[in-house]
Amino acid sequence: MNHYETVFILNPVLSDEQIKETVKKYEDILVSKGAKMISKEDWGLKKLSYAIQHKKSGFYHLFEFTAPGESINAMEVEFRRDERIMRYLTVKLDKHAIAWAEKRRNRNNKQKAKA
């Protein structure tokens, strides 16, 4: 099982319900293919540095998970088919990136606890 991170950008015209539904769909795809979710982050609506599909912003989401390599292909095929997904990127994490991701998670958890 490899350690991965996937960031994807959703179309900004989607409602909150459509966003939750889409994120759940991709989480279910990963879990059904044998992935174990480590972390999910909603980064919210962000301005894009350049227009994608004539849109200047998008909803960013990050998944961190462990999975067999063939499960990534199934998820990315669905990303390509879904018009709600504007862009996506999946990267395999090495030991240094895993340590950095853990620090980021801990920092975010502390910030949430203070709020």
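The structure displayed is predicted, hence computed values, not measured ones.

Describe the pairing of strand β2 (residues 36–52), listing the residues and the values that go with them.
Here β2 pairs with strand β3 (residues 55–67) via 11 bridges, running antiparallel. Across the sheet, D42 pairs through a bridge with H61, a residue of β3. What sits between β2 and β3 in their antiparallel hairpin is a turn of 2 residues, with Q53 showing a positive phi close to 55°.

A description of the pairing of β3 should follow, citing residues and the corresponding values.
Where burial is concerned, most of β3 is hidden: 10 out of the 13 residues are buried. Note that strand β1 (residues 2–10) and β3 share 9 bridges and pair antiparallel. Looking across to β3, one finds that V7 is bridged to L62.

Run through the pattern of salt bridges, naming residues and quoting values.
Overall, the coordinates contain 11 salt bridges when judged by the stated rule. Between E5 and R104 there is a salt bridge, with the nearest N and O atoms lying 3.2 Å from each other. Here E5, found in strand β1, pairs with R104, found in helix α3 (residues 95–114); they are 99 residues apart in sequence, far enough to count as distant. For E5, a relative accessible area of 13% translates into the label buried. Overall, the relative accessible area of 7% leaves R104 in the buried class. A salt bridge links E64 to R104, with the nearest nitrogen and oxygen atoms 3.8 Å apart. Of this pair, E64 sits in strand β3 while R104 is found in helix α3, placing the two residues 40 residues apart along the sequence. Of the two residues examined, E64 and R104, each falls in the buried class.

Please provide a residue-by-residue account of the side chain of E41, values included.
With respect to the element layout, E41 can be found in strand β2. For E41, a relative accessible area of 12% puts it in the buried group. A polar atom in the side chain of E41 sits 2.8 Å from the side chain of W43. Those residues in contact with E41, other than ones at most four positions away along the chain, are Y60, H61, L62, R104, R105 and N108.

For the sheet that holds β3, give the residues involved together with the corresponding values.
If you walk across this open sheet you meet the 4 strands as β2-β3-β1-β4, and the pairing is antiparallel. The sheet terminates laterally at β2 and β4 (85–92), the two strands that pair on one side only. The mean inter-strand angle of the sheet, taken between neighbouring strand axes irrespective of direction, is 20°. Summarising the sheet, β1 and β4 pair through 7 bridges and their orientation is antiparallel.

Run through the environment of M37, naming residues and quoting values.
Following the sequence through the fold, M37 ends up in strand β2. Sequence-wise, M37 and N11 are 26 residues apart; in three dimensions their C-alpha atoms are separated by 23 Å. If we ignore the near neighbours within four places in the chain, the residues touching M37 are E27, L30, V31, F63, E64 and F65.

Thresholds, definitions, all that
- Residues numbered from 1 in each chain as written.
- Predicted model: local features only at pLDDT ≥ 70, side-chain atom pairs only at ≥ 80, totals over all residues.
- Heavy atoms only, no water.
- Pairing = 2+ DSSP bridges.
- Helix = DSSP H or I, 4+ residues; strand = E, 2+ residues; numbered from the N terminus.
- Buried < 20%, exposed > 50% of the residue type's maximum accessible area, 1.4 Å probe, protein only.
- Salt bridge = Lys/Arg side-chain N within 4 Å of Asp/Glu carboxyl O.
- Polar contact = N/O pair within 3.5 Å; in protein donor to acceptor, adjacent residues only side chain to side chain.
- Contact = heavy atoms within 4.5 Å.
- Axes fitted to C-alpha atoms, helices over the stretch in contact; angles between N-to-C directions.

Everything listed here is a matter of coordinates, which is why it stays silent on function.
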